[in-house]
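Chain residues, written in single-letter form:
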Amino acid sequence: MTGIELIELLNRSFRRWHLTGDMENGVIAALDLEGRLFTIINGQVVNRVLPSAIEKRSNKNAYQNPGGDALWPAPEGTTLGYEYPTGNWRVPPSVTGAVWEVILSEEDKTVLGAEIDLINNQQTGLPCEFERHVKIETDQHVFRQNVTELIRYVGKKTINNGEFMLAPWSLCQFDSGERGRVVIPVSDEENVWDLYNSSKQQRFIEDGRLIVNTETDQRFQLGLSEKVDWIEYLPGEKFRVKRSVLNVASKHQYIDISDISPDKTPSAKGVKLSVYCDPSGFMEIEGCGRCPDTLTPGIEMSVDILTEYIVTDY
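In this report, we go over the structure that sits alongside the text. The structure presented is a predicted model; accordingly, all values stated were derived computationally and were not measured. (Residues numbered from 1 in each chain as written. Predicted model: local features only at pLDDT ≥ 70, side-chain atom pairs only at ≥ 80, totals over all residues. Heavy atoms only, no water.)

Within the protein, the secondary structure is distributed over three helices and 20 strands. Here the C-alpha radius of gyration of the protein, 18 Å, is about what a compact globule of 314 residues would show, namely 20 Å. Based on the C-alpha atoms only, the size of the protein along its principal axes is roughly 55 × 45 × 40 Å. Of the contacts formed within the protein by residues at least 6 apart in sequence, a portion of 68% connects residues at least 24 apart. With an accessible surface of roughly 13,700 Å², the protein has 44% of that area assigned to carbon and sulfur atoms. Charge centroids of the protein, computed over 32 positive and 47 negative side chains, lie 3 Å from each other. (Helix = DSSP H or I, 4+ residues; strand = E, 2+ residues; numbered from the N terminus. Rg over C-alpha atoms; globule rule 2.2 N^0.38 Å. Contact = heavy atoms within 4.5 Å. Areas by Shrake-Rupley, 256 points an atom, 1.4 Å probe, with all protein chains shown as cover. Lys, Arg positive; Asp, Glu negative; His and termini not counted. Charge placed at Lys NZ, Arg CZ, Asp CG, Glu CD.)

The subject of this paragraph is the pairing of strand E13 (residues 203-206). Two faces belong to every sheet, and in a regular strand the side chains alternate between them. Of the pairings in the sheet, the one linking E13 to strand E14 (residues 209-213) comprises four bridges and is antiparallel in character. Bridge assignment links Glu206 to a residue of E14, and that residue is Arg209. Counted between consecutive antiparallel strands, the loop separating E13 from E14 contains two residues, among which Asp207 sits at a positive phi close to 55 degrees. (Pairing = 2+ DSSP bridges.)

Once that is clear, we can look at unusual backbone geometry. Glycine aside, a negative phi is what most residues show, and trans is what most peptide bonds show. Going from Ala74 to Pro75, the amide bond is cis rather than trans, its omega being 5 degrees. In this fold, Pro75 is placed in the loop between strand E5 (69-74) and helix H3 (93-96). For Thr78, which is not a glycine, the phi torsion comes out positive at approximately 70 degrees. The residue Thr78 is located in the loop between E5 and H3 in this model. Since its relative accessible area comes to 0%, Thr78 is described here as buried. Positioned with a positive phi, Gln140 is a non-glycine residue whose angle comes to about 55 degrees. Residue classification places Gln140 among the exposed positions, given a relative accessible area of 74%. (Buried < 20%, exposed > 50% of the residue type's maximum accessible area, 1.4 Å probe, protein only.)

Glancing now at the packing of aromatic side chains. Across all of its chains, the model carries nine aromatic pairs by this definition. Aromatic pair Phe174 and Tyr233: ring centres 5.6 Å apart, planes at 40 degrees, arrangement tilted. Of this pair, Phe174 sits in strand E10 (residues 167-175) while Tyr233 sits in strand E16 (residues 230-234), and the two are 59 residues apart along the sequence. Residue Phe174 shares its accessibility class with Tyr233, and that shared class is buried. In textbook terms, an aromatic cluster arises when at least three aromatic residues are bridged by ring pairs, as seen for Phe143, Phe174, Tyr233, Phe239 and Tyr309. Above the ring of Tyr196, the side-chain terminus of Arg219 is found at 4.0 Å from the ring centroid. Between Lys242 and the ring centre of Trp230, over which it is positioned, the NZ or CZ distance is 4.6 Å. (Phe/Tyr/Trp six-rings, centres within 6.5 Å; stacked < 30°, edge-to-face > 60°. Lys NZ or Arg CZ within 6 Å of the ring centre and 35° of its normal.)

Turning to the nonpolar core, a few remarks are in order. If you look at soluble globular proteins, the nonpolar side chains tend to sit buried side by side. Ranked by internal contacts, the top residues of the largest apolar core, which has 76 residues, are Trp100, Leu126, Leu166, Phe174, Ile184, Leu295 and Tyr309. Counting residues in hydrophobic clusters, the runner-up holds twelve residues, among them Ile7, Leu9, Ala30 and Phe38. (Core = buried A, V, L, I, M, F, W, Y, C linked by side-chain atoms within 4.5 Å.)

Honestly, it's all geometry; don't read function into it.
Shown next as structure tokens:
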């Protein structure tokens, strides 16, 4: 899909959008689609795009996953996550229906913001503001997208350790074909683990790096520790994409983001980067921020995530 075709689709679906950069190399922010970002390289949208999910609306009967690059609150499951306050998995309506606005707009920089109130799986309510600070740079055959993901707690009450977990979580989606591979710079699996069932059959060590096959018959997700510097996705096409977590408040802790039962307590294993693969034909390279011990009014949780799109067909 071209960038122009995506904008036409957004217009037909009555979705607001904002462009950073240009239609050759830029980022389309879909303001009425959870503030998701869709990156354009050489006129083509390189992220996953699901037109039917853009045309429809999420409700209690079905969640519409349009693709792109989203900012979500972590964790997903466990007693302190945000997807099971009703008992069943769902993306909170405050996320799917958030009103994202453009706070700042420059040629190569955009700041987006939305008010999103969260309710965790223990029924604790957290009034929040979400922001995405997007900055782009084109350097020969590399398109750099630096996004500061921010969640600001704006409640008037202090929330203590054990009553909450909260961290910014960036999920960047792509189509995953039979040639899709993820490269992780580790030669053993000490700092890599499965968040769900075993994915041993999907990965192997080659030339001192862990290689993950993204085409799969069952969903799997890998958690990566703070010792892992980056992950890189090779879709087998005209580009590759490398994702790194940069600045993050060191006094805070990485947390368990996994989508597991809301009856289970979070693991002590904190996730900095993650790879998710789905049998429906898409995958995600994910980056996470850290969580403070206490939520005090006005506290901010932020993480700088660098996504580099390297063009290989030139």
